[in-house]
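Fold and contact review
The lines below spell out each chain.
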Amino acid sequence: RRRMTMTRAFFQTMAQHVRRKTRCEGVRKEFKAQSSRGFANLDPEARVIVVGKPTADGIRTVQERGARDILACCEDVEMLRTIKRNFEDPGTCGNDLGVRVWEGKLGEIPPYMGSADAVVFQDEFEKEGELQQEALARAGFLLKPGGRIVLMNSSSRDESDIPLDAEKIKRMVESLPLQLDGIEVDDFSRFAVLRQPKLFMLPRGPVKMDGLVVTGFGRGSKQMGVPTANLSPDEVGEAAGRLPRGVYFGWAVLEGAQREDGAVHKMVMNIGRRPTFVDGDGITVEVHILHPFRQDFYGRRVQVALVSFLRPEVKFQSLQELITRIQTDVGIANTMLELPELQEFRSILQHQPR
């Protein structure tokens, strides 16, 4: 009887092992199948950043989708050591394709390691609430125009790691320059792909505003080297309040100005509450026009056409970090507005009503 009991226990253990192995293989196959959709149309030389809990198997899956330039980022030193042991060192030259590692947080990745065609959150998606939204925003900072964010994990991990709830993700991206490209939640995995819109363009088309230039906080020129015109909240507050807080770019014209000062110029606009500073309250609308005006224009009217939503409002850790990001925003806007697809929107402001 004892021998029969031991034999039964042995076969039960083996059956559990086989079921577990079969399930894991099913998870991996489903993981690969779904991730192939997230990495569709990636160029072999595309840069992919894997964050969260990057593993050697996960990185191999990314490689199988065609990516050859991969950066694994996390704060777990041992996890990064394991990755380095599993892949050949690509060397110190940044142009050599391979698998590199970066110890630190997503927001701490230095600019010389970006920009990325895709950012992958593997088996972890920060924490609940606003931190998830900030993680997506920070990932967006690293993306090239038209890039994508891939969220994925398998049910073999704790379900709290990546709560890929369809409605929750849709609510989060409502205030971000991201579009939900696809999401699947099944017995094997949870998987979602978010994409930046082409040219960051607003999904419902350009938004026009017309406001009086009023006195602001004086930080644009004095502290950050980026002069801004503050539009009266009383005039543009309602229109601005319907838009997500963040940085936009498009076109602007100073009404009644002569010669070049009165032409339609490129502009970058911030709509927000200035979370990096603590001096003031309420929504402000600040416009930086990419043109050297001959004099200040307080009390004059400015028309703007918002064409693209570049990034959401984020609290930066220091003034210098904010300045660096603003300079990046201006550079991106200046380059993108040279494209014919965005140049055509200049005509919205060509004929001034006043």
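These figures come from a predicted structure and were not determined experimentally.

**Considerations on the overall build of the protein chain**
Counting its secondary structure elements, the protein chain contains nine helices and 13 strands. A total of 354 residues make up the protein chain; the buried ones form 46% of that total. Sequence separation of at least 24 residues holds for 71% of the intrachain contacts in the protein chain that already meet a minimum separation of 6. Looking at the protein chain as shown, the accessible area adds up to about 19,000 Å², and 49% of this sits on carbon and sulfur atoms.

**As for the pattern of salt bridges**
In total, this model carries 17 salt bridges according to the counting rule given. Across the pair Asp69 and Arg47 runs a salt bridge, and its minimum N-O distance is 2.9 Å. Taken together, the residues span a long stretch of sequence, with Asp69 in strand E2 (residues 69–74) and Arg47 in strand E1 (residues 47–52) at a distance of 22 residues. Across this residue pair, the class does not change: Asp69 and Arg47 are buried. A salt bridge links Glu238 to Arg242; its shortest N-O distance comes to 3.6 Å. A network of salt bridges, in which partner residues are shared, links Arg47, Asp69 and Arg100.

**Let's talk about the packing of aromatic side chains**
Under the definition given, this model contains four aromatic pairs. Ring centres of Phe200 and Phe249 lie 6.3 Å apart, and the angle between their planes is 75°; this geometry places the pair in the edge-to-face category. In this pair, Phe200 sits in the loop between strand E7 (189–195) and strand E8 (207–214) while Phe249 sits in strand E10 (residues 246–254), placing the two residues 49 residues apart along the sequence. Side by side, Phe200 and Phe249 carry an identical accessibility label, which is buried. Taking 4.6 Å as the distance between ring centres and 20° as the angle between the ring planes, the aromatic pair formed by Tyr248 and Phe309 counts as stacked. Pair noted here: Tyr248 is in strand E10 and Phe309 is in strand E13 (residues 301–312), with a separation of 61 residues, a long-range link. The class for Tyr248 is buried, based on a relative accessible area of 0%. Given the relative accessible area of 6%, Phe309 is considered buried. Positioned above the aromatic ring of Phe141 is the side chain of Arg325, whose terminal nitrogen or guanidinium carbon lies 4.5 Å from the ring centre.

**Some remarks on unusual backbone geometry**
Even without a glycine there, the phi angle at Leu199 is positive, about 60°. The residue Leu199 is located in the loop between E7 and E8 in this model. Take Leu199: its relative accessible area is 10%, and that puts it in the buried class. With a phi angle near 65°, Phe200 is a residue other than glycine that sits in the positive phi range.

**Digging into empty space enclosed by the protein**
All told, the structure shown has one cavity of 30 Å³ or more when counted by the stated rule. Quantified by volume, the largest cavity comes out at close to 110 Å³. Taken together, the elements giving at least two residues each to the lining of the largest cavity come down to helix H4 (130–141), E13 and helix H8 (319–336). Per-element tally for the lining of the largest cavity: the top contributor is H4, with four residues. Considering only residue class, the lining of the largest cavity consists of 11 nonpolar, two polar and two charged.

**Describing helix H2 (residues 56–64)**
Listing the buried residues of H2 in full gives Ala56, Gly58, Ile59, Thr61 and Val62. Following H2 by one or two positions, Gly66 adopts a phi angle in the positive range, close to 115°.

**Considerations on the confidence of the model for the protein chain**
Averaged over every residue, the pLDDT of the protein chain is 78; residues scoring 70 or more account for 73%. Mean pLDDT across the elements of the protein chain ranges from a minimum in helix H1 (residues 2–38), with 51, to a maximum in helix H9 (residues 340–343), with 95. With pLDDT under 50 throughout, residues 21–36 is counted as low confidence; its partners more than four residues away or in other chains account for 27 contacts. Taken as a whole, residues 156–162 scores under 50 in pLDDT and shows 19 contacts with residues more than four places along the chain or in a different chain.

Rules and cut-offs
Residues numbered from 1 in each chain as written. Predicted model: local features only at pLDDT ≥ 70, side-chain atom pairs only at ≥ 80, totals over all residues. Heavy atoms only, no water. Helix = DSSP H or I, 4+ residues; strand = E, 2+ residues; numbered from the N terminus. Buried < 20%, exposed > 50% of the residue type's maximum accessible area, 1.4 Å probe, protein only. Contact = heavy atoms within 4.5 Å. Areas by Shrake-Rupley, 256 points an atom, 1.4 Å probe, with all protein chains shown as cover. Salt bridge = Lys/Arg side-chain N within 4 Å of Asp/Glu carboxyl O. Phe/Tyr/Trp six-rings, centres within 6.5 Å; stacked < 30°, edge-to-face > 60°. Lys NZ or Arg CZ within 6 Å of the ring centre and 35° of its normal. 1 Å grid on protein atoms, 1.4 Å probe; cavity = no way out; pocket = protein on both sides within 12 Å on 5 of 7 lines; lining within 4 Å. Points joined across faces, edges and corners; volume = space filled by probe spheres on them. Nonpolar A, V, L, I, M, F, W, Y, C, P; charged D, E, K, R; others polar. pLDDT = per-residue confidence, 0-100.

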